[in-house]
Amino acid sequence: MSEVDMAVIKPEMMKSYIWLQTADGSIQQVEQEVAMFCPMICHEIIQKGMGSSKNYAISLPQRVNPSMLSLILDYCRFHQVPGRSNKERKSFDEKFIRMDTKRLCELTSAADSLQLKPLVDLTSRALARIIEGKTPEEIREIFHLPDDLTEEEKLEPLKNSTDDPRIRLLNRLYARKRKELKEREKLKNVETEEERVDDRSVEDLLSFINGGNGDAKGIKAPKSKKKNRRRKDHQKNASADESIESPEKGSNDLDFLCLGAEVDDKLQPHSGETSKLLNMEDETFSPKVEFEDGDIDDEIDPALKEKIDREVEDFARRLNSDWPERMQEILSLGQESRPVNGNGSLRRYASMLTFPSLLKVSPCSSAAEDVLFA
Amino acid sequence: MVDSPCPDLISDLPQIIIESILTWLPIREAVRTSVLSSKWRYRWTTITHLVFDEKCATLCNDRALVEDKLIKFITRALLLHEGPIHKFQLCTSYLESCADIDQWILFLSRKDIKELILELGESEWFRIPSCLFNCKKLIRLELFRCELDPPPTFKGFLCLKSLSLYQVFVASDATESLISSCPLLESLSLSYSDSLTLNIRAPNLKYLFLEGEFKDICIESSPLLITISVAMYMTEDIFEHMEQGSGCNFNKFLGGVPLLEKLTGRIYFTKYLSIGDDPGRIPLTYCHLKIIELYQVSFEDMKEVFVLLRLITNSPNLKELRISGSSNALAAREATDLDFWENECYSHCVFERLKVVKMTEISGVPHEMEFIKFLLENSPVLEMVSIACSFVMEERLSMLVELVRFRRASPRAEIVFIQP
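Conventions used here
Residues numbered from 1 in each chain as written. Chains lettered and ligands numbered in written order. Predicted model: local features only at pLDDT ≥ 70, side-chain atom pairs only at ≥ 80, totals over all residues. UniProt positions renumbered as here; feature names shortened; annotations may be inferred. Helix = DSSP H or I, 4+ residues; strand = E, 2+ residues; numbered from the N terminus. Contact = placed C-beta atoms within 7 Å. Buried ≥ 20, exposed ≤ 12 C-beta atoms within 10 Å, placed from the backbone. Arc of directions from axis to C-beta. Pairing = 2+ DSSP bridges. Axes fitted to C-alpha atoms, helices over the stretch in contact; angles between N-to-C directions. Parallel < 35°, antiparallel > 145°, perpendicular 65-115°, else oblique. Nonpolar A, V, L, I, M, F, W, Y, C, P; charged D, E, K, R; others polar. Left-handed = near helix turned anticlockwise from the far one by under 90°. Core = buried A, V, L, I, M, F, W, Y, C linked by C-beta atoms within 7 Å. pLDDT = per-residue confidence, 0-100. Right-handed = clockwise from strand over helix to strand, strands pointing away.

The name given to chain B in an unreviewed UniProt entry is FBD domain-containing protein, and the organism recorded there is Morella rubra.

The name recorded for chain A in an unreviewed UniProt entry is SKP1-like protein 21, from Morella rubra. Under the heading Function (unreviewed entry), UniProt records this for chain A: "Involved in ubiquitination and subsequent proteasomal degradation of target proteins. Together with CUL1, RBX1 and a F-box protein, it forms a SCF E3 ubiquitin ligase complex. The functional specificity of this complex depends on the type of F-box protein. In the SCF complex, it serves as an adapter that links the F-box protein to CUL1." Its UniProt record gives chain A the following Subcellular location (unreviewed entry) comment, quoted word for word: "Nucleus".

See below:
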């Protein structure tokens, strides 16, 4: 066998070649100096003496499939040549990363498994550039991310950091929606507890607040505890309990980072009549209920709830006078439909709450998280 | 939930890649990824590089509002962050000295911070809280416009490799002890210092950048220096102080740097080197020195010309020379001492490796012309000499005529005359 190998190598004695095997079993011969550019392969050759013959081919990590390998070798072949100018290298790199996102992700992963740091940097930078400036919806679409955060998580109230009355009102609206969501969820829970969508994310938040370390570990640990507590809740038959409130606070913190700065800016320039009106409303209202932290008192007293409803409707009516038609539609839809069950209405609620885009019509405004980043 | 036909492309990449991607993003966008999906909820919280600037808050005309938002954003980001923070950078003119920043630094000092960069607004200098000196793992420290006062208990940054202080107020002796208490220091930048007297003792120092007024600089024990770049301003007072001083500035500054590869001097640096006793023949040969850049050399001052000659004749491997003149043309025109160019001492000096000479701000005064002639005559592999005049001179033609006559040791030497 080794003789056969020699025969193969002989015509190319000038350069030394090594053997590489990808996870699908295919074996190929590669110029050693090129392959050595990958620290992982270099290590195999020097430390373990692998790759010298077909029988001792270096088996590459799972993540390196043949097409990725040939890409990576192209990269190495160019960059292992000494004396290239930075400009040359840069323009090569720029062309090199021109590929579809899927391949780019695969390449990043493959380069990482070969410990090829410069290529990991190059590709992850390219991925960052893809993400930068996009809305969450666009990002989800590009990378096929599941939209698995609950509406509630996305609708976590805005921190009223600047004392803007409009934000308070917004929070009040959110509060109502959250409450409704919760009620519906409760209904759902009675039917099938397993179907709870936000179970995990609440756990996330809990572990986050309790200082759980690390995402994966932190999430799993308190899960059972939470389940127990939930059962207790059912026994007590209590409505939204205090324990849910604390996760909300935590997530407020998180979301404030994404929301606060942007949303209140969005609202800032619109200080016209509306704002004044809101202000007046606000004064009559705020002493009774504290919405400062965006915390929602779920045991809101019925009289007050009615008042909120009235105000919200009032507010909507007034705003309708100068809002675009589409928005009016959305709003009135929200006002009318009191959802009983089902996921379909969730979406509608989300769109109803697209507040900043209502105040200032932004091109993308269908999903709730646009509130965050519009 | 609807099952997507295409699998998630990115979420299951190793955390190290995700962090790398998030690190490339501006931090506000990195934080934003927390609403993408449940897998991304807390991905950003473990990135180890946190870089903040005013882009973290949407700008508006109300400075106080932006400041408030920035502070809140940073405080919350730090609160939510998990694990070690290796780099913290805050560059914004919207923030000034405030208790929050002190608290952030305290927080960072407990997070094994390795790189700290702080550049705040200009109107008020920021006093660095003493907890900074507890950041034992610091590798890189970069501070702008602040006041630094190491506490008496400070024992040094044992890991620090790079120290940059721009317009930082530190007492002279404190600067010296700060430098010498960082045994691994490789790179040192000091700028806009005020009449500093400095003895640099840094055994591992490789890169030195100085800018400002210095009363006295001595590179005492930094034998590994590779690059030195100095822009030196000088007031009359300092100049007089120096003239009266003893010793030789050239030796104090360049007497102990045998590994030097690149030397850049601006403004009064050449003048500074020329002050003091004549060192005579310097014992040191700069075998590694390949690039010399000296700007604003006064060719009418023979002592400065000597500095220049002393440097280049002791650098056998010099490849590139960039000189700019700042001659007082009238004074320089009536040059005396022209004989010395014929002097034995320099006549058999050959620049074996010199390829590129770039002269700017040249006014064609005798010593400049003699210098160019000297270089052309003694540089056998010279490829290019570019000469840029400082202004439109009537004598330009005669200068050209003179230039053309100079003998060239290198047949390949090209003279590029750049018109102003």
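Having seen the model, we can carry on.
A. Examining the overall build of chain B more closely. When helices and strands are tallied, chain B shows 13 helices and 16 strands. At a minimum sequence separation of 6, the contacts of chain B that also span at least 24 residues come to 67%.

B. Fine view of the overall build of chain A. On a plain count of helices and strands, chain A comes out with 20 helices and 3 strands. Counting across all 374 residues of chain A, residues that qualify as buried make up 35%. The long-range share in chain A, meaning contacts at least 24 apart out of those at least 6 apart in sequence, stands at 62%.

C. Representation of unusual backbone geometry in the model. In this model, Gln 115 of chain A sits at a positive phi of 60°, which is unusual for a non-glycine residue. Along the polypeptide, Gln 115 of chain A turns up in the loop between helix 6 (101–113) and helix 7 (117–131). Given 15 C-beta atoms within 10 Å, Gln 115 of chain A falls into the partly exposed group. If you check the backbone angles, Arg 145 of chain B has positive phi at about 45° while not being a glycine. On the secondary structure map, Arg 145 of chain B appears in the loop between strand 5 (140–144) and strand 6 (146–147). Given 20 C-beta atoms within a 10 Å radius, Arg 145 of chain B is considered buried.

D. Fine view of helix 8 (residues 136–143) of chain A. Residues and elements named next belong to chain A. By the burial criterion, the buried members of helix 8 are Pro 136, Ile 139, Arg 140 and Phe 143. Projected onto a plane normal to the axis of helix 8, the buried residues spread over an arc of 100° and lie on a single side. Positive phi appears at His 144, one or two residues downstream of helix 8, with a value of about 55°.

E. Broad picture of the sheet that holds strand 1 (residues 17–21) of chain A. Residue and element names in this part refer to chain A. Taken in spatial order, the 3 strands make up an open sheet running 2-1-3, and their pairing is mixed. The strands lining the two open edges of the sheet, one partner per strand, are strand 2 (27–31) and strand 3 (58–59). Bridge analysis of strand 1 against strand 2 gives 5 bridges, and the strand direction is antiparallel. Bridge pairing links Tyr 17 to Glu 31 in strand 2.

F. Region of the structure containing the packing of helix 4 (residues 66–79) of chain A against helix 6 of chain A. All names here are of chain A. Look at helix 4 against helix 6: their axes get within 10 Å of each other, and the N-to-C directions meet at 75°. One way to sum up the angle between helix 4 and helix 6 is to call them roughly perpendicular. Contact with helix 4, carried on its side by Met 68, Leu 71 and Ile 72, involves Glu 106, Leu 107, Ala 110 and Ala 111 of helix 6 and no other residues of that element. Across the contact of helix 4 with helix 6, the residue classes tally to 6 nonpolar, no polar and 1 charged.

G. Spatial organisation of the packing of helix 3 (residues 63–80) of chain B against helix 4 (residues 99–109) of chain B. Residues and elements named next belong to chain B. Between helix 3 and helix 4, the shortest axis-to-axis distance is 11 Å and the interhelical angle comes to 20°. Classified by the angle between their axes, helix 3 and helix 4 sit roughly parallel to one another. Note on packing geometry: the crossing formed by helix 3 with helix 4 is left-handed. Taken together, the residues of helix 4 that come into contact with helix 3 (itself represented by Ile 71, Ile 74, Thr 75 and Leu 78) are Asp 100, Trp 104 and Phe 107. Of the residues that constitute the contact of helix 3 with helix 4, the class distribution is 5 nonpolar, 1 polar and 1 charged.

H. Main features of the nonpolar core. Of all hydrophobic cores here, the largest spans 115 residues; its most connected members are Leu 70, Leu 108, Leu 116, Leu 143, Leu 185, Leu 188 and Ile 292 of chain B. Excluding residues that lie within four positions of it along the chain, Leu 185 of chain B makes contacts with Leu 160, Lys 161, Leu 163, Ile 179, Ala 202, Asn 204 and Leu 205 of chain B. Grouped together as the second largest cluster of nonpolar side chains are 28 residues, Phe 37, Cys 38, Ile 41 and Val 64 of chain A included.

I. Structural context of the confidence of the model for chain A. Residue and element names in this part refer to chain A. Averaged over every residue, the pLDDT of chain A is 63; residues scoring 70 or more account for 41%. Below a pLDDT of 50 lies the segment residues 1–13, which in the model reaches 6 contacts outside its immediate sequence neighbourhood of four places, other chains included. Note that residues 258–298 has pLDDT below 50 and, in this model, 75 contacts with residues that lie over four places away or in other chains.

J. Focus on the pairing of strand 12 (residues 291–297) of chain B. Residues and elements named next belong to chain B. Where strand 11 (residues 262–267) meets strand 12, 4 bridges bridge the pair, whose relative direction is parallel. The partner of Lys 262 across the bridge, within strand 12, is Ile 291. The β-α-β motif built from strand 12, the intervening helix 9 (residues 302–313) and the parallel element strand 13 (residues 320–325) has right-handed crossover chirality.

K. Molecular detail of the confidence of the model for chain B. All names here are of chain B. Overall, the predicted model of chain B reaches an average pLDDT of 87, with 93% of residues at or above 70. Considering each helix and strand of chain B separately, the mean pLDDT is smallest for helix 10 (residues 329–333), with a value of 62, and largest for strand 5, with 95. Interface confidence for the predicted complex, expressed as ipTM, amounts to 0.75; the pTM equals 0.68.

L. Main features of the pairing of strand 7 (residues 162–166) of chain B. Residues and elements named next belong to chain B. Side chains Leu 163 and Leu 165 of strand 7 all project onto a buried face; the interleaved residues Ser 162, Ser 164 and Tyr 166 project onto a face where none is buried. Direction of pairing for strand 5 relative to strand 7: parallel, over a ladder of 5 bridges. Across the sheet, Leu 143 pairs through a bridge with Leu 165, a residue of strand 7. For strand 7 and strand 8 (residues 187–200), the ladder comprises 5 bridges, and the chain directions are parallel. Looking at strand 8, one finds that Leu 163 is bridged to Leu 188. In this fold, the crossover linking strand 7 to strand 8 by way of helix 5 (residues 172–180) has right-handed handedness.

M. Spatial organisation of the environment of Glu 67 of chain B. All names here are of chain B. Relative to the helices and strands, Glu 67 is located in helix 3. Separated by 13 residues in the primary sequence, Glu 67 and Glu 54 have C-alpha atoms spaced 8.6 Å apart. In contact with Glu 67, not counting residues within four places along its chain, are Tyr 94 and Leu 95.

N. Layout of the environment of Ser 324 of chain B. As for its position among the elements, Ser 324 of chain B is in strand 13. Taking the C-alpha atoms as reference points, Ser 324 of chain B and Met 359 of chain B, separated by 35 residues in sequence, lie 5.5 Å from one another.

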